[in-house]
Structure formats: C-alpha cells, structure tokens
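Analysis of the macromolecular model
So you can see what is in the structure, the chains are spelled out below.
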Amino acid sequence: MNINLKIWRQPSDKKDGKLHDYRLENVDPNISFLEMLDILNNKLVKEKKDPVAFDHDCREGICGSCGFMINGRPHGPQKATTVCQLHMRSFNDEDDILLEPFRAKSFGVIKDLSVDRKSFDRIISASGFVSVDTGKAEEANYIPIQKSNADEAFLSAACIGCGACVAACKNSSAMLFTSAKVSHLALLPQGEVEQADRVNKMVATMDAEGFGACTNTGACSAECPKEISQTNIARLNREFVKAQLGSFIKKK
Ligand code: SF4
Ligand code: FES
C-alpha cells in the first residue's frame, strides 16, 4: 500500500512547528504503525535528514510511552488500542494520514510527536502509592478482599499513564488518569489508611500542573486505550468530598 503522511515537525517547545509531507510506497499492511515510522526514519537518515521524534518503549501496549494524534484521534482509529499495537491494515491504499503530538498546556512538546508527560509523574509522586514497611511478606490471605472490589481495582490499575485522556478532552482534564490511580488504591484495604491525604494531594497537584476541569463529556473514556471507565471519576469526586469534609471536621 502507498500512504501520504502529514507530520507535525517542531524542533522544541520554544520554536514554532509546522506540518511536513512525506510519501511512503509499498508499505506492508501487516507492519505496525511504529514500524512504518521506523521505515520513514531510516529513509530520512539515509537522505541525511532529521528523523521524526516519537515516544515508544515496550511496543506491546503496556508501558504507556507511545501516543500521538492520528487523524485527530489519540492513538488513532482503532478502539482500545495503543499506537504501538495499531497496524497499517487499519488504513487504506493512498490514505492521507495526519500525525500530531498530544496537545495540552501541561504536556509541552519536546520534539515533533514527543511530549513531556512528567506532570503525570508529579501527580503520582504526590501520593499515588501506599506506604509499606519493608520486611517479611505477609500471608496474602490475611487481608480478605471482596471479589468485586478486587476486579474493579484491577480494571482501574490497567491505566498505563499514556495521556490520551488529556489529549481527547476539550478542557485537557487529567481526571480520568488521576481517578484511575486514586480508585485502584481506594478499592483495596491497603489504600485506606492514607486515602484522604492521597486524594487531597493528588487533586492539588493535578490542579497545580494546569490540567483543566472535567465537564463529563466522556471523550477521555471513549479514547482511552485501556477503556478506563468514567465511574472512576465519580469515585474520585466522592473520595475528594469525603477528604475535604474530614479536614473541615478536624479543624472545628
Ligand atoms: S486513563 Fe486511559 S487514556 Fe488516560 S492515561 Fe490512563 S490509560 Fe491513558
Ligand atoms: S510503546 Fe509501550 S504502550 Fe506503546
């Protein structure tokens, strides 16, 4: 198959970017989208031109490193699929394909399609963990966990931190990401002790990083490659109100 690519090229956050046209011929429909970009980059290097910068690591849909906009959609046209798991057979011969970085104030462009998602790391560092003393591992069955809670916690923990939810949201909200992280700990007894502190700190950091508010459009969940549910956002809101009420009662 032959394809016509329009790719956003930007040397850095400080410099302006613009779209560049590239054509690739005889692309095997069974290669992945990132392999297609590897082929383009090899060609550019051979021509002594600057290769296109894009993020990737596992290429198995588990690390969350990859992600950019393909034809206006984060991670491209296939539902519940990261860009690294997308194949060229999802496109047609002679298709025009537009590639742009995730656009959000809190995700500055590093170069071309690569963006800085350290704001997510700072939300996790604020309190997205449980404090556990090291020592002998406890017998797992000492803490019984209801099956429905374990299943829900597992679904929330599937968030890979890719940032597609932010890119999909008209407000650049990070509520789906933050709520998934808060939820998987809120649903387990190990997360209970620090729950109020956790939700307060993570929400405060999310706001300080400049992410927008959630207006419940559902675009985040619809475009999430791990199909993280909006019910996590409802749980985050409940946990936040509980934490705020707790601090208010303590002050009285
Ligand atoms: S909630 Fe979904 S889209 Fe958002 S960071 Fe997690 S996996 Fe990516
Ligand atoms: S490269 Fe790891 S999820 Fe895509």
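Everything that follows concerns the structure shown earlier in this document.
Residues numbered from 1 in each chain as written. Chains lettered and ligands numbered in written order. Predicted model: local features only at pLDDT ≥ 70, side-chain atom pairs only at ≥ 80, totals over all residues. Heavy atoms only, no water.

With that out of the way, let us pick up the state of the cysteines. Under the defined criterion, the tally for this structure stands at 0 disulfides. Of the cysteine sulfurs around Cys220, a residue in no disulfide, the closest is that of Cys214, at 6.2 Å. Take Cys220: its relative accessible area is 11%, and that puts it in the buried class. (Disulfide = S-S within 2.5 Å. Buried < 20%, exposed > 50% of the residue type's maximum accessible area, 1.4 Å probe, protein only.)

In this section: the site of ligand 1. Taken together, 13 residues surround ligand 1, and among them Cys159, Cys162, Gly163, Cys165 and Cys224 come closest. When contributions to the shell around ligand 1 are tallied by element, the ones reaching two or more residues are α4 (164-168) and α5 (175-186). Among the residues making up the shell around ligand 1, the classes are represented as 11 nonpolar, 2 polar and no charged. (Near = heavy atom within 4 Å. Helix = DSSP H or I, 4+ residues; strand = E, 2+ residues; numbered from the N terminus. Nonpolar A, V, L, I, M, F, W, Y, C, P; charged D, E, K, R; others polar.)

What follows is about the packing of aromatic side chains. On inspection of all chains with the given rule, the structure shows 6 aromatic pairs. A ring pair is formed by Phe107 and Phe211, whose centres lie 5.9 Å apart and whose planes are at 80°; its orientation type is edge-to-face. You can see Phe107 sitting in the loop between β5 (95-100) and β6 (109-111) and its partner Phe211 sitting in the loop between α7 (195-208) and α8 (219-223), a full 104 residues away along the chain. Grouping residues by exposure puts Phe107 and Phe211 together as buried. Grouped by ring-pair contacts, the aromatic residues Phe107, Phe120, Phe177 and Phe211 constitute a single cluster. Above the ring of Trp8, the side-chain terminus of Arg103 is found at 4.4 Å from the ring centroid. (Phe/Tyr/Trp six-rings, centres within 6.5 Å; stacked < 30°, edge-to-face > 60°. Lys NZ or Arg CZ within 6 Å of the ring centre and 35° of its normal.)

Let us now look at α7. When the terminal C-alpha atoms of α7 are compared, their 20 Å separation across 14 residues agrees well with the 20 Å that a helix rising 1.5 Å per residue should span. Among the residues making up α7, those that are buried are Gln195, Arg198, Val199, Asn200, Met202, Val203, Thr205 and Met206. Phi turns positive, to about 90°, at Gly210, one or two residues after α7. (Expected span 1.5 Å × (residues − 1).)

Now for the sheet that holds strand β3 (residues 69-70). As summarised here, the arrangement of the 5 strands in space is β2-β1-β5-β3-β4, forming an open sheet in which the pairing is mixed. Sheet topology places β2 (18-24) and β4 (73-74) at the edges, where each strand pairs with a single neighbour. Where β3 meets β5, 2 bridges bridge the pair, whose relative direction is antiparallel. Directly across from Met69, in β5, lies its bridge partner Glu100. Sitting on the sheet, helix α1 (residues 33-46) touches β1 (3-9), β2, β3 and β5, and the angle it makes with β2 is about 95°. (Pairing = 2+ DSSP bridges. Contact = heavy atoms within 4.5 Å. Axes fitted to C-alpha atoms, helices over the stretch in contact; angles between N-to-C directions.)

Relative to each other, helix α2 (residues 118-127) and α7 sit at 155°, their axes nearing to 8 Å. By the angle class used here, α2 and α7 are roughly antiparallel. Between α2 and α7 lies a crossing of right-handed hand. Residues Arg122, Ile123, Ile124, Ala126 and Ser127 of α2 form the contact with α7, whose own contacting residues are Asp197, Arg198, Lys201, Met202, Thr205 and Met206. Its residues assigned to classes, the contact of α2 with α7 shows 5 nonpolar, 2 polar and 4 charged. (Parallel < 35°, antiparallel > 145°, perpendicular 65-115°, else oblique. Left-handed = near helix turned anticlockwise from the far one by under 90°.)

Below, the discussion takes up the layout of surface pockets. In this structure, the largest pocket occupies an estimated 330 Å³ of space. Taken together, 13 residues form the lining of the largest pocket, with Val132, Ala137, Glu138, Ile143 and Gln190 sitting closest to its centre. For the lining of the largest pocket, the per-class residue count stands at 6 nonpolar, 3 polar and 4 charged. Taken together, Asp55, Cys63, Gly64, Ser65, Val115, Arg117, Phe120, Asp121, Ile124, Ile160, Gly161 and Phe177 make up the lining of the second largest pocket. Examining the composition of the lining of the second largest pocket, we find that 3 residues originate from one element, α2, more than from any other. Class assignment of the residues belonging to the lining of the second largest pocket gives a composition of 6 nonpolar, 3 polar and 3 charged. (1 Å grid on protein atoms, 1.4 Å probe; cavity = no way out; pocket = protein on both sides within 12 Å on 5 of 7 lines; lining within 4 Å. Points joined across faces, edges and corners; volume = space filled by probe spheres on them.)

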